[in-house]
Every structure is written in C-alpha cells, then in structure tokens.
Amino acid sequence: MKIKRFFSGIITAATAAAILTVGASAYDLNKDMGIMWGASITVPSSEFAGLDENPYVTLTFSTDDALADMEGHSYWVIKPMVNDSGWPLISGITELTPSEDGSSYSVYPGDTSVTFTVPSDFVEAVKTAGVAFMGHGVTLESITLSDQAPAAPAAPAETDYPAPVVGTDQKGNPDTGVEGIAASAAAVAALAGMTLVISSKKK
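Draft legend 1. Representation of the sheet that holds strand β1 (residues 26-32). Strand order across the open sheet formed by 4 strands is β1-β9-β3-β7, with antiparallel pairing between neighbours. At either margin of the open sheet sits one strand with a lone partner, and together these are β1 and β7 (113-117). Here the average twist between neighbouring strands, direction ignored, is 20 degrees. The pairing of β1 with strand β9 (residues 138-146) spans 5 bridges and is antiparallel.

What follows is the structure, given as structure tokens:
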C-alpha cells in the first residue's frame, strides 16, 4: 500500500506540472490547515471568472505524514466550500472521495494534488462568491484552472517473457530427468541378469 501511494504522489505531481505548462496560471495559497479546524483560506471569485472555459481545477498541497501516528488525527482531508453565508460544502465532486462523515474529501499521505470539476449546481455560485477552503493535515499550495483534463497515467508496460522450456513425458508431466536415470539403471540391471544366466548355462 505504501508503494502504491508513493507512486500515486509521483503521478499527481506530474499531472499538476503538465497542467501548468498549457498556459494556465496558478493562484498561490501557501496555507497550513493544521489539525484543529481553525484555519481557512479563500480564493476570490475573480479567479473563477473563466470557469466555464477552464472547468478543471487542480489543487496542489502537501500532507503532514506524521499524523499517521497521532491518535484521533490520522486522516487528511480538504473541504472546498462556496465563499458565501454559512460556507456550504461544494458537494457532489465526483473526482474526489468523500470523507467518512461526508463533510469533506479525503486525500492520502504522499499525494500532492487533486484535479476536479465543480458540479454544475455550484458553478454560478463559485463564479459569484469564490471558494473557501478548510482541511486537516494538509498544507494547500496553489490552485489552477485549465481547459484540459489531466492525462490518465499510462498503464505499466507488460513484457511477455518466454516460458521456460521443460521436457515432458508421454503423460504430459515435467521431465526432471529422474525417470530417465531410473529407466537406464533398470536396463543395466536387466542386462546384467541376462549375462549371469547365460554364463551359468555355459558352465
């Protein structure tokens, strides 16, 4: 599992870098969300003015992996909300995994970014009011809008190695050579027996 998450972090980092190279600009956040749910940061509505043309939102962050050993705090989440009265959660983001209680979205140690689209029910509200973020165990770094979906990571190359060549007998069982040696020994013993009989007859 640790290896899987490690490679996931590499893939998401590469994805974020790729998005930045297509001409999109990043809005710096540089905010440690801590673990007490007291920190927050807002992104003004002006950053989402082109959301219709640039629907893919990439949020880069780092995780506090030390929380894995802290009882009651071994979880990592981000909580994007409409920056309006009551800060309602932007729910229904299909690209993200809801937290256990459904109040935020889970990320994992070693992840470095997530890319998502704002559900259609929230697009106008986000363009009008902007977005507020809270979270736990993460430091938010930047947010970027793009018109291109991140490329799916390439599947690992599969190499077809030739199967080892193993001899088989008539029963289709692997021929280890033991049967051949036993057969040769039996033939030698039979020949020796015949020689002994012939020798006895001559006497």
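Continuing now.
Draft legend 2. Focus on the pairing of strand β4 (residues 77-82). In terms of residue burial, β4 counts as a mostly covered element, since 5 of its 6 residues are buried. Bridging between β4 and strand β8 (residues 131-136) involves 6 bridges; their strand directions are antiparallel. Its bridge partner being in β8, P80 is matched across the sheet by F133.

Draft legend 3. Structural detail: the pattern of salt bridges. Here the structure, examined in full by the defined rule, presents 2 salt bridges. Residue D52 pairs with K127 through a salt bridge whose shortest N-O separation is 2.7 Å. Taken as a pair, D52 in the loop between β2 (41-43) and β3 (56-63) and K127 in helix α2 (residues 120-129) lie far apart in primary sequence, 75 residues in all.

Draft legend 4. Summary view of the side chain of T115. Along the chain, T115 turns up in strand β7. At 2.8 Å, the side chain of T115 forms a polar contact with the side chain of T58.

Draft legend 5. The arrangement of the nonpolar core in detail. Of all hydrophobic cores here, the largest spans 31 residues; its most connected members are V118 and L140. Listing elements by their share of this core, those giving two or more residues are β2, β3, β4, β7, α2, β8 and β9. With residues near it in sequence (within four places) discarded, L140 still touches L29, N30, K31, M33, I41, L59, T60, F61, I78 and F133.

Draft legend 6. Structural detail: the environment of S120. Its location among the elements puts S120 in helix α2. As a C-alpha pair, S120 and G92 span 28 residues in sequence and 9.6 Å in three-dimensional space.

Draft legend 7. View of α2. For α2, the full list of buried residues reads F122, V123, V126 and A129. What you see down the axis of α2 is that its buried residues fit within an arc of 165 degrees, all on one side. Away from its buried face, by an angle of more than 90 degrees, α2 presents the exposed residues S120, E124 and T128. Those residues of α2 that are buried lie in contact with β4 and β8. The positive-phi residue at the C-terminal boundary of α2 is G130, with phi of around 85 degrees.

Draft legend 8. Spotlight on the pairing of β3. Most of β3 sits inside the fold, with 6 of its 8 residues counted as buried. The pairing of β3 with β7 spans 5 bridges and is classified as antiparallel. Bridge pairing in β7 links L59 to V114. Two elements, β3 and β9, share 8 bridges in a ladder whose sense is antiparallel. Counterpart to Y56 in the pairing with β9 is S146.

Draft legend 9. Region of interest: the confidence of the model for the chain. Looking at the chain, pLDDT values average 79 and 63% of them are 70 or higher. Ignoring residues within four places in sequence, the model shows residues 166-176, a span with pLDDT below 50, making 8 contacts including any to other chains.

Draft legend 10. Spatial organisation of the sheet that holds strand β6 (residues 105-106). Pairing in this open sheet of 5 strands is antiparallel, and the strands run β2-β8-β4-β6-β5 from one edge to the other. The open sheet has two edge strands, β2 and β5 (97-98), and neither has a second partner.

Draft legend 11. Representation of the side chain of T60 within the structure. Structurally, T60 is set in strand β3. You can call T60 buried: its relative accessible area is 13%. Engagement of the side chain of T60 in a polar contact is seen with the side chain of S142, the distance being 2.7 Å.

Rules behind the numbers
Residues numbered from 1 in each chain as written. Predicted model: local features only at pLDDT ≥ 70, side-chain atom pairs only at ≥ 80, totals over all residues. Heavy atoms only, no water. Pairing = 2+ DSSP bridges. Helix = DSSP H or I, 4+ residues; strand = E, 2+ residues; numbered from the N terminus. Axes fitted to C-alpha atoms, helices over the stretch in contact; angles between N-to-C directions. Buried < 20%, exposed > 50% of the residue type's maximum accessible area, 1.4 Å probe, protein only. Salt bridge = Lys/Arg side-chain N within 4 Å of Asp/Glu carboxyl O. Polar contact = N/O pair within 3.5 Å; in protein donor to acceptor, adjacent residues only side chain to side chain. Core = buried A, V, L, I, M, F, W, Y, C linked by side-chain atoms within 4.5 Å. Contact = heavy atoms within 4.5 Å. Arc of directions from axis to C-beta. pLDDT = per-residue confidence, 0-100.

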